[in-house]
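Structural features, examined
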Amino acid sequence: SQKIEQNSEALNIQEGKTATLTCNYTNYSPAYLQWYRQDPGRGPVFLLLIRENEKEKRKERLKVTFDTTLKQSLFHITASQPADSATYLCALVPSYNTDKLIFGTGTRLQVFP
Amino acid sequence: NAGVTQTPKFQVLKTGQSMTLQCAQDMNHEYMSWYRQDPGMGLRLIHYSVGAGITDQGEVPNGYNVSRSTTEDFPLRLLSAAPSQTSVYFCASSYGRTTSSVYEQYFGPGTRLTVT
C-alpha cells in the first residue's frame, strides 16, 4: 500500500542542538516533496520544497535532503530554539500525473531551553 | 489580502444534519483543496479542484460534496453528518495545479466540527 511515514513520537531536544526529522514513503514516485510547520490550533505553513533531482535544499537554519533511492527525506533545524517547537509535516505529490497533495502524519518537535 | 478564510470556526451538529463549510481565497489561486485532520491520522485529502467548474476526489471523499462555481470559493458540504466526521477541517489553495508546476499551499485557520 502507499503511505508516508513520519515518526509519531515527539522529538525532544535541547536548545542549540540540531533537530532531524524523517519522512519515509513507500510505493510513490514523487516529483517533489514539501515540508510544513503547524502550530497548535492553526493551519500548516509552508517551509521548504525539494525536487526529485535535488539532493539538498537550504533556507536559513533549515535544510532538507531528498533520497529517492532510500525513499526518504530528512528535515534539519540547526541551532534549534524553543520557538521552533511545533509539528512538522511532510507532503508529496504521488506522481507526475496527479494533482493530489498527500501529507504524512507529522512529528512534534519540542525544544527545551 | 485576507488569504484563505474559513467559516465557521466552530460548529456542533447532530447526527443526520447537513451543513456547508465555507472557504474563500482572494489570491486568484487556481488550485483549492479540503483536508480533514484527526489525531494520529495527519491531514487527509477530501476533495480538490484545479479550477472553476472542475473538482475531483481525494483520499477520503465519502460523505462530502464540493463545488467550484467561482475561482474564489470552494465550499464543502456534509449531506448527513455522522460522528465519524468529527474533525478539524482545513481548506488550502495554491497558485496552480500540482501537475503543471510546483506551488506552496496556503492554508486557512480551520473549522472544528463536532457531530454528536
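Everything here concerns the structure above.
Residues numbered from 1 in each chain as written. Chains lettered and ligands numbered in written order. Predicted model: local features only at pLDDT ≥ 70, side-chain atom pairs only at ≥ 80, totals over all residues. Heavy atoms only, no water.

Examining the overall build of chain B
The secondary structure content of chain B amounts to zero helices and eleven strands. Listed N to C, the secondary structure of chain B is β-β-β-β-β-β-β-β-β-β-β in terms of helices and strands. Taking 13 Å as the expected radius of gyration for a compact globule of 116 residues, we find that chain B reaches 13 Å, a close match to that expectation. By principal-axis analysis of the C-alpha atoms, chain B measures approximately 40 × 25 × 25 Å. Intrachain contacts of chain B at a sequence separation of at least 6 include 55% that bridge at least 24 residues. (Helix = DSSP H or I, 4+ residues; strand = E, 2+ residues; numbered from the N terminus. Rg over C-alpha atoms; globule rule 2.2 N^0.38 Å. Contact = heavy atoms within 4.5 Å.)

A look at the nonpolar core
Within the largest apolar cluster, 24 residues are counted, with the highest numbers of intra-cluster contacts made by I4(A), L33(A), W35(A), F75(A) and Y88(A). Every element with two or more residues in this core is listed here: β3 (19-26), β4 (32-38), β5 (45-51), β7 (62-67), β8 (72-77), β9 (86-92) and β11 (107-112) of chain A. Apart from residues lying up to four places away in sequence, Y88(A) is in contact with Q6(A), L21(A), W35(A), Y36(A), R37(A), L47(A), F75(A), I77(A), G106(A), T107(A) and L109(A). Grouped together as the second largest cluster of nonpolar side chains are 20 residues, L49(A), A91(A), L45(B) and A92(B) included. (Core = buried A, V, L, I, M, F, W, Y, C linked by side-chain atoms within 4.5 Å. Buried < 20%, exposed > 50% of the residue type's maximum accessible area, 1.4 Å probe, protein only.)

Notes on the state of the cysteines
Residues and elements named next belong to chain A. The full count for this structure, using the stated rule, is two disulfides over all chains. Disulfide pairing places C23 opposite C90 at an S-S distance of 2.0 Å. Residues C23 and C90 are joined through a disulfide that is right-handed, its torsion about the S-S bond being 65°. Within this pair, whereas C23 is found in strand β3, its partner C90 is found in strand β9, the two being separated by 67 residues in sequence. The class of C23 is buried, set by a relative accessible area of 0%. C90 gets classed as buried once you look at its relative accessible area, which sits at 1%. (Disulfide = S-S within 2.5 Å.)

Things to note about the pattern of salt bridges
Residues and elements named next belong to chain A. Summed over the entire model, instances satisfying the criterion amount to eight salt bridges over all chains. Here R37 makes a salt bridge to D39, at a shortest N to O gap of 3.0 Å. A residue is classified by how much of its surface remains accessible, and R37, at 18% relative accessible area, is buried. Of the residues examined, D39 reaches a relative accessible area of 25% and is grouped as partly exposed. Salt-bridge contacts for E56 lead to R58; the nearest nitrogen and oxygen are separated by 2.8 Å. The class for R58 is exposed, based on a relative accessible area of 57%. Within this structure, E56, R58 and K63 form a network of salt bridges that share partners. (Salt bridge = Lys/Arg side-chain N within 4 Å of Asp/Glu carboxyl O.)

Overview of the environment of L47(A)
Residue and element names in this part refer to chain A. Among the structural elements, L47 can be located in strand β5. According to the relative accessible area criterion, L47 is buried, its value standing at 14%. Residues L47 and A19, spaced 28 residues apart in sequence, show a C-alpha to C-alpha distance of 15 Å.

So, the interface of chain B and chain A
Of the residues lining the interface, 25 residues belong to chain B; the matching set on chain A comes to 23 residues. Interface area, chain B with chain A, both sides summed: about 1800 Å², of which 57% is carbon and sulfur. Looking at the side of chain B that touches chain A, the elements that each hand over two or more residues are β4 (31-38) and β5 (42-51) of chain B. Among the elements that make up the side of chain B that touches chain A, the one with the highest residue count is β5(B) (five residues). In terms of residue class, the side of chain B that touches chain A is built from twelve nonpolar, ten polar and three charged. (Buried area = accessible area lost by both parts, 1.4 Å probe. Nonpolar A, V, L, I, M, F, W, Y, C, P; charged D, E, K, R; others polar.)

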